[in-house]
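Each chain, written out:
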Amino acid sequence: MLPRSADTLVCDTMQISAWQNDGAYNYHQELMGQQKSLMEWLMEKMMEVLQQILGSTLADQLSKPLLMMAGISLALVILWFVYKNRPELFSFIRKVKREEKMEDDSIYGVDFRERIHEAVSRTDWREAVRWAYLQTLKTLNDGGKIDWQPYKTPTQYVYEFRSKAFRDMTNNFLRVRYGNFDADKPLYETMFRLQAEIGKETEP
């Protein structure tokens, strides 16, 4: 075996590994810059503001509760903004409302012609659509096509009297009554066209 030359370089792998794991020698990270998410950046900025206002010690103690409250407040503001601009995204809330009982929509003791005329004269299409639908329910009930009860929902009547025209009319009523849908004159006219179709379907 030949003796090792005195000037032969020997690589100290353990020392190199120690340097690689030492953050002080991580020059590549300094060149690339620290990668932070938007949330991390926002939290750092909020912590800086808290430290300036409350001091470092108190800010550290209150940082988590305050940041949590700030996050919840921000989420609520975003939800409110989305609801105001895109209420249709919250249709699951209106779906529950659609199954509300019709106890306040009685079909007895009502002069439908007069109520509809008053609503139309005020161009209150929402009320005109409502009275047109209730008038149709009374006609179907008087003809034995449905069994009207104050505790029933509009959907139940659709199953009792199976008619496409009546289903469409019910859907229009639900959209206006419980879905915050803006009624207009064309919808009012559509309701009476559907009412006429239902009248033909129930003729003896």
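Residues numbered from 1 in each chain as written. Predicted model: local features only at pLDDT ≥ 70, side-chain atom pairs only at ≥ 80, totals over all residues. Heavy atoms only, no water.

Side note on the overall build of the protein chain
Point 1. Scanning the protein chain from terminus to terminus reveals 10 helices and 0 strands.
Point 2. Mapped in sequence order, the helices and strands of the protein chain form the string α-α-α-α-α-α-α-α-α-α.
Point 3. Sorting the 204 residues of the protein chain into buried and exposed places 26% on the buried side.
Point 4. For the protein chain, restricting intrachain contacts to residue pairs at least 6 apart in sequence, the fraction spanning at least 24 positions comes to 60%. (Helix = DSSP H or I, 4+ residues; strand = E, 2+ residues; numbered from the N terminus. Buried < 20%, exposed > 50% of the residue type's maximum accessible area, 1.4 Å probe, protein only. Contact = heavy atoms within 4.5 Å.)

Describing the environment of Q135
Point 1. Note that Q135 resides in helix α7 (residues 125–142).
Point 2. Since its relative accessible area comes to 18%, Q135 is described here as buried.
Point 3. Distance from Q135 to Y108, taken between C-alpha atoms, is 9.7 Å for residues 27 residues apart in sequence.
Point 4. Setting aside chain neighbours within four positions, we find Q135 in contact with F112, I116, F192 and Q195.
Point 5. In this structure the side chain of Q135 is engaged in a polar contact, spanning 3.1 Å, whose partner is the side chain of Q195. (Polar contact = N/O pair within 3.5 Å; in protein donor to acceptor, adjacent residues only side chain to side chain.)

Remarks on the confidence of the model for the protein chain
Point 1. Here the protein chain shows a mean pLDDT of 75. Residues at 70 or above account for 56%.
Point 2. Scored below 50 in pLDDT, residues 92–101 makes 20 contacts in the model with residues more than four places away or belonging to other chains. (pLDDT = per-residue confidence, 0-100.)

Points about the packing of aromatic side chains
Point 1. Scanning the model with the defined rule gives 8 aromatic pairs in all.
Point 2. Measuring from centroid to centroid gives 6.1 Å for Y133 and F166, while their planes differ by 10°, and the two rings are stacked. On the criterion of sequence distance, the pair formed by Y133 in helix α7 and F166 in helix α9 (residues 164–177) is long-range, its members being 33 residues apart.
Point 3. We classify Y133 as buried; its relative accessible area is 0%.
Point 4. Following the ring pairs from residue to residue traces out a cluster consisting of Y133, F161, F166, F173 and Y178.
Point 5. Between R130 and the ring centre of W131, over which it is positioned, the NZ or CZ distance is 4.6 Å.
Point 6. Against the face of F181 rests R175, its NZ or CZ located 4.0 Å from the ring centre. (Phe/Tyr/Trp six-rings, centres within 6.5 Å; stacked < 30°, edge-to-face > 60°. Lys NZ or Arg CZ within 6 Å of the ring centre and 35° of its normal.)

Focus: the nonpolar core
Point 1. In terms of nonpolar packing, the biggest core is built from 32 residues, with V129, Y133, L134, L137, F166, M191 and I198 touching the most fellow members.
Point 2. When residues of this core are traced back to their parent elements, those giving at least two are α6 (112–121), α7, α8 (154–160), α9 and α10 (185–201).
Point 3. Element by element, the count of residues in this core is highest for α7, at 9 residues. (Core = buried A, V, L, I, M, F, W, Y, C linked by side-chain atoms within 4.5 Å.)

Describing α10
Point 1. The end-to-end C-alpha distance of α10 is 25 Å, a good match for the 24 Å that 17 residues give at a rise of 1.5 Å each.
Point 2. Along α10, the positions that sit buried rather than exposed are L187, Y188, M191, L194, Q195 and I198. Down the axis of α10, the smallest arc covering the buried residues is 120°, so these residues share one side.
Point 3. Its buried side turned inward, α10 meets α6, α7 and α9.
Point 4. The opening residue of α10 is D184, an N-cap whose side-chain oxygen sits 3.0 Å from the backbone nitrogen of L187. (Expected span 1.5 Å × (residues − 1). Arc of directions from axis to C-beta.)

Quick look at α9
Point 1. The end-to-end C-alpha separation of α9 is 20 Å, in line with the 20 Å expected for 14 residues at 1.5 Å each.
Point 2. Put simply, S163 is the residue that caps the front of α9, since its side-chain oxygen is 3.3 Å from the backbone nitrogen of A165.

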